[in-house]
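Residues per chain are reported as follows:
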Amino acid sequence: MSNLYNHIDLAYYKSNTFIDTIKQKQIIDLSIIISTYRGSKKLFFLLSSICNSTVIPNEIIIVGTNKSDFENLDVFLNILNIKLKISDKADQIYQRNLGFKFVTSNFILQCDDDIKFSKNCLEILYNKINASSNTILCPLIIDQYGRRAD
């Protein structure tokens, strides 16, 4: 992954065209909580997939274990509502529970730092959960080889 990351043109993510495209998208009543540990490069690709989604979540709460977990995310801080929190413990469940304390949306999606969303995944999940009550949804997770990874 590091070789791929090194070849990304960060200027594209800072361009007015890219930023304007994101700002025109519908913002949905959804908070995404992401726990990470040494995952700054993986987070870049996750946040990029969110930017390329058909809808944008109200907020993204990323809970890492130190400031280095948030390196290389500057390009997203100006276009997405991202809250960065530091946990004193490297534990996925502990970090997610910490993230829950900062949620302002009615709906929550927990996400690992190594996920990339397809273009309409967030919109489909949001529409399904918004149309139901007392429902828990989980998308089908596919690995890089096209196999089920859930």
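Residues numbered from 1 in each chain as written. Predicted model: local features only at pLDDT ≥ 70, side-chain atom pairs only at ≥ 80, totals over all residues. Heavy atoms only, no water.

Caption draft 1: The arrangement of the confidence of the model for the protein in detail. Confidence along the protein averages 88 in pLDDT terms, with 91% of residues attaining 70 or more. Looking over the protein, one finds the lowest element-wise mean pLDDT in helix α1 (residues 2–6), namely 51, and the highest in strand β2 (residues 55–64), namely 98. (pLDDT = per-residue confidence, 0-100. Helix = DSSP H or I, 4+ residues; strand = E, 2+ residues; numbered from the N terminus.)

Caption draft 2: Broad picture of the sheet that holds strand β3 (residues 82–86). With parallel pairing, 4 strands are arranged side by side in an open sheet as β3-β2-β1-β4. Looking at the sheet topology across the chains shown, the edges are occupied by β3 and β4 (107–112). For this sheet, the mean inter-axis angle between neighbouring strands, taken without regard to orientation, is 25°. Bridging between strand β1 (residues 26–35) and β2 involves 8 bridges; their strand directions are parallel. Looking across to β2, one finds that S31 is bridged to E59. (Pairing = 2+ DSSP bridges. Axes fitted to C-alpha atoms, helices over the stretch in contact; angles between N-to-C directions.)

Caption draft 3: Structural view of helix α7 (residues 121–130). All of the buried residues in α7 are C121, L122, L125, Y126 and I129. Along the long axis of α7, the arc covered by the buried residues comes to 125°, so they all point the same way. Where α7 is buried, its residues meet β1, α4 (40–51), β2 and β4. (Buried < 20%, exposed > 50% of the residue type's maximum accessible area, 1.4 Å probe, protein only. Arc of directions from axis to C-beta. Contact = heavy atoms within 4.5 Å.)

Caption draft 4: Seen up close, the side chain of S105. Summarising the element assignment, S105 is placed in the loop between α6 (92–100) and β4. Overall, S105 belongs to the buried group, its relative accessible area being 8%. Of the polar contacts made by the side chain of S105, one reaches the side chain of N58; its length is 3.1 Å. Dropping the residues within four chain positions of it, S105 is found in contact with D29, L30, S31, N58 and E59. (Polar contact = N/O pair within 3.5 Å; in protein donor to acceptor, adjacent residues only side chain to side chain.)

Caption draft 5: Expanded view of the pattern of salt bridges. Evaluation of the coordinates by the stated rule reveals 3 salt bridges. Of the charged contacts in the structure, one is a salt bridge between D113 and K42, with a shortest N-O distance of 3.5 Å. Here K42 lies in helix α4 and D113 lies in the loop between β4 and α7, a separation of 71 residues in the sequence. Residue classification places D113 among the buried positions, given a relative accessible area of 8%. Judged by its relative accessible area of 28%, K42 is partly exposed. (Salt bridge = Lys/Arg side-chain N within 4 Å of Asp/Glu carboxyl O.)

Caption draft 6: How the structure looks around the pairing of β2. Most of β2 is tucked away, with 9 of its 10 residues classed as buried. This β-α-β element, β1 to α4 to β2, shows right-handed connectivity. Sheet topology places β2 next to β3; 5 bridges connect them, and they run parallel. Paired with V63 across the strands is K85, a residue of β3. (Right-handed = clockwise from strand over helix to strand, strands pointing away.)

Caption draft 7: Geometry of the nonpolar core. Of all hydrophobic cores here, the largest spans 34 residues; its most connected members are I32, L47, I60, I62, F76, L80 and F117. Of all the secondary-structure elements, those providing two or more residues to this core are α3 (16–23), β1, α4, β2, α5 (74–77), β4 and α7. Sort the elements by how many residues they give to this core and α4 lands first, with 7 residues. In this structure F117 touches L46, S49, I50, L109, C111 and L122, once residues within four positions along its chain are discounted. (Core = buried A, V, L, I, M, F, W, Y, C linked by side-chain atoms within 4.5 Å.)

Caption draft 8: Molecular detail of the environment of Y94. Tracing the chain through its elements places Y94 in helix α6. Take Y94: its relative accessible area is 34%, and that puts it in the partly exposed class. Distance in space between the C-alpha atoms of Y94 and I28 is 26 Å, their sequence separation being 66 residues.

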